[in-house]
Amino acid sequence: MDYFNYHKGELHAEGVQLSALADVIGTPFYCYSSAALVHYFKVFADAVSALDATICFAIKANSNIAVLATLERLGAGADVVSQGEMQRALEAGIDPKKIIFSGVGKSRQELQAALVAGVTRFNVESLSELEVLSAVADTHGQMAEVSLRVNPDVDARTHEKIATGRQEDKFGIDLSLARGAYRRARALPGIDVSGVAMHIGSQLTELDPFRIAYSRMADFVGVLREDGHTIRHLDLGGGLGITYKDEKVPTPEAYGAMVAETIGGLGCKLTFEPGRVIAGNAGILLTRVNFMKEGTAKTFCIVDAAMNDLIRPTLYNAHHDIVRVAEAMDHESLKVMDIVGPICESGDYIAKNRGMPSVTSGDLLAIRSAGAYGAVMSSTYNTRPLIPEVLVEGDEYAVIRRRFEVADMLALERLPPWLSGSRISAANVVGK
Ligand code: LLP
């Protein structure tokens, strides 16, 4: 199912013509389809509907509050990893009871803010964190409902930087050490240790690593129960991959069936934390070609989006399909080029050696599969203002984050008093 289609030779997001949108908004910008978000959420929800499960969208994938509010209406909770993400989830109307606070390095202040906000479910990743959480909860006269995140030592066979379930990764508590951690947790006053959590990595394109990890989890639940722990919750993380290019990924249905097989018989409430599989193919990044440049070795297509807007190609060598907004004709031959941004480093590219139909200055291009880990990972490198996000529904659209202005950035900065002088704006001097 695709919500970005050509009508009369022009790419649309649902019923909205993208070239018309670009004229109003300016480029670059992110554009999400509501119908796509709803579709991908429902497909996942249907796939796990036979299980007693809550879907807590991993909002690190896309944390715009309009996107979160769209998913909240479908019953989604949220998996958050910072106070900021928690505030976004609450702002979007997500019930604090459906928010899970995950993350390997939560601060005391964040734990406290969560408890005050009524967020009481935590995935804890170390003994030190357990002690701090217990103390904070106890001071507030509360009990934190804790799942310990265990590290099953399974290779997710994904990109090195997003594999999280091997012993050498910083995440979770080694399975071999986890029994002791549960014993310690049970002795702490502010902790109700009633679950086990796991997340072995992201963009998994095979079920086998999940199957191995979840089987280890099931065995471990048996051990914990023998030790006298009451285990009521299992958090299975996220990680299901999507098709960026031609990857054959497992369907949510197949994933759901595998979960039922490995974990279904344990009588636990389940939590899933999908991110990419919901949002990834629900968004594009629209960009305009600034210049074409022919070199001796290469042709460069210089666009107005850059690595600060979408860092995935630079950081993970990730592939994103790129299409012309004006539909390519069948007879157009492809020309190989690098699609690059205006940033001053050679790592600034969106695609290398990509076969493209004819492109010239002024053309609009759509970078596909950019709805997850796109806008959320952007920066202002080279003092490039953060770009807008637009949400489409049917033939309506709304700007759900406005374009930043350079003035927004400069307003955050201050000169120390010793640099103040007649050529410097008084407003930017510390103390003024
Ligand atoms: N739960 C936990 C504890 C996680 O760490 C993550 C992702 C998820 C759930 C959601 O995983 P998903 O279903 O989206 O695969 N920036 C990288 C991806 C980093 C993922 C980090 N953790 C990228 O652009 O590919």
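**With respect to a nonpolar patch on the surface**
Together, Val 24, Tyr 397 and Val 399 give the surface a local cluster of nonpolar side chains, amounting to about 280 Å² of exposed area. Within the secondary structure, Val 24 sits in helix α1 (residues 18-25).

**A word on helix α6 (residues 127-139)**
Along its 13 residues, α6 runs 19 Å from first to last C-alpha, staying within 8% of the 18 Å computed at 1.5 Å per residue. Of the residues making up α6, those classed as buried are Glu 129, Leu 130, Leu 133, Ser 134, Val 136 and Ala 137. In this fold, the buried residues of α6 make contact with α5 (108-116), β8 (121-124), β9 (144-151), α7 (175-187) and β11 (191-197). Gly 141 sits one or two residues past α6 and shows a positive phi near 65°.

**A closer look at unusual backbone geometry**
Across residues other than glycine, the phi torsion is negative in most instances, and most of the peptide bonds are trans. The linkage connecting Thr 27 with the following residue, Pro 28, adopts the cis geometry, with an omega of -5°. Structurally, Pro 28 is set in the loop between α1 and β4 (29-33). In this structure, Lys 8 takes a positive phi of about 50° despite not being glycine. Within the secondary structure, Lys 8 is located in the loop between β1 (4-7) and β2 (10-13).

**What to know about the pattern of salt bridges**
Oppositely charged side chains are able to pair whenever their charged atoms sit close together. For the structure shown, the criterion picks out 20 salt bridges. A salt bridge links Arg 288 to Asp 23, with the shortest nitrogen-to-oxygen separation between them at 3.7 Å. Pair noted here: Arg 288 is in strand β14 (residues 283-294) and Asp 23 is in helix α1, with a separation of 265 residues, a long-range link. Given the relative accessible area of 62%, Asp 23 is considered exposed. Salt-bridge contacts for Arg 121 lead to Glu 145; the nearest nitrogen and oxygen are separated by 3.6 Å. In this pair, Arg 121 sits in strand β8 while Glu 145 sits in strand β9, placing the two residues 24 residues apart along the sequence. Ionic contacts of the salt-bridge type, sharing partners, join the residues Glu 160, Arg 166 and Asp 169 into one network.

**Overview of the domain arrangement of the chain**
What the domain assignment lists for the chain is domain 1 (4-31 + 280-410) and domain 2 (103-272). When each unit is reduced to the centre of its C-alpha atoms, the spacing between domain 1 and domain 2 is 36 Å. Opposite the ten residues of domain 1 that make contact, domain 2 presents eight residues. For the pair domain 1 and domain 2, the interface holds one residue pair in polar contact (both at pLDDT 80 or more). For the side of domain 1 that touches domain 2, a count of residues per class yields three nonpolar, five polar and two charged.

**Considering the environment of Gln 203**
Locating Gln 203 in the fold gives a position in the loop between β11 and α8 (208-226). Taking relative accessible area as the criterion, Gln 203 reaches 10% and is therefore assigned buried. It is 26 Å that separates the C-alpha atoms of Gln 203 and Val 221, two residues lying 18 residues apart in sequence. Once residues within four sequence positions are removed from consideration, Gln 203 is found in contact with Thr 158, Ile 162, Gly 239, Gly 241, Ile 242, Tyr 244, Glu 247 and Arg 276.

**What to know about the packing of aromatic side chains**
Centre-to-centre distance and the angle between the planes together describe a pair of aromatic rings. Applying the stated rule across the entire model yields nine aromatic pairs. Between Phe 101 and Phe 122, the ring centres sit 6.1 Å apart and the planes meet at 15°, which makes this aromatic pair stacked. Here Phe 101 is found in strand β7 (residues 99-101), whereas its partner Phe 122 is found in strand β8, with 21 residues between them in sequence. Neither Phe 101 nor Phe 122 differs from the other in exposure class; each is buried. When the ring of Tyr 255 is compared with that of Phe 272, the centres are 5.9 Å apart and the planes differ by 65°; the resulting orientation is edge-to-face. Linking Tyr 255 in helix α9 (residues 252-262) with Phe 272 in strand β13 (residues 269-272), this pair joins segments that are 17 residues apart in sequence. In this structure Tyr 255 comes out as buried when scored by relative accessible area, which is 2%. Given the relative accessible area of 0%, Phe 272 is considered buried. One aromatic cluster is present, built from ring pairs that chain together Phe 44, Phe 210, Tyr 214, Tyr 255 and Phe 272. Over the face of the ring belonging to Tyr 349 we find Lys 352, whose NZ or CZ atom lies 4.8 Å from the ring centre.

Cut-off values and rules
- Residues numbered from 1 in each chain as written.
- Predicted model: local features only at pLDDT ≥ 70, side-chain atom pairs only at ≥ 80, totals over all residues.
- Heavy atoms only, no water.
- Patch = residues over 30% accessible without salt bridge, like charges linked within 9 Å, V, L, I, M, F, W, Y side chains within 5 Å.
- Areas by Shrake-Rupley, 256 points an atom, 1.4 Å probe, with all protein chains shown as cover.
- Salt bridge = Lys/Arg side-chain N within 4 Å of Asp/Glu carboxyl O.
- Helix = DSSP H or I, 4+ residues; strand = E, 2+ residues; numbered from the N terminus.
- Expected span 1.5 Å × (residues − 1).
- Buried < 20%, exposed > 50% of the residue type's maximum accessible area, 1.4 Å probe, protein only.
- Contact = heavy atoms within 4.5 Å.
- Domains from an automatic or database assignment.
- Polar contact = N/O pair within 3.5 Å; in protein donor to acceptor, adjacent residues only side chain to side chain.
- Nonpolar A, V, L, I, M, F, W, Y, C, P; charged D, E, K, R; others polar.
- Phe/Tyr/Trp six-rings, centres within 6.5 Å; stacked < 30°, edge-to-face > 60°.
- Lys NZ or Arg CZ within 6 Å of the ring centre and 35° of its normal.

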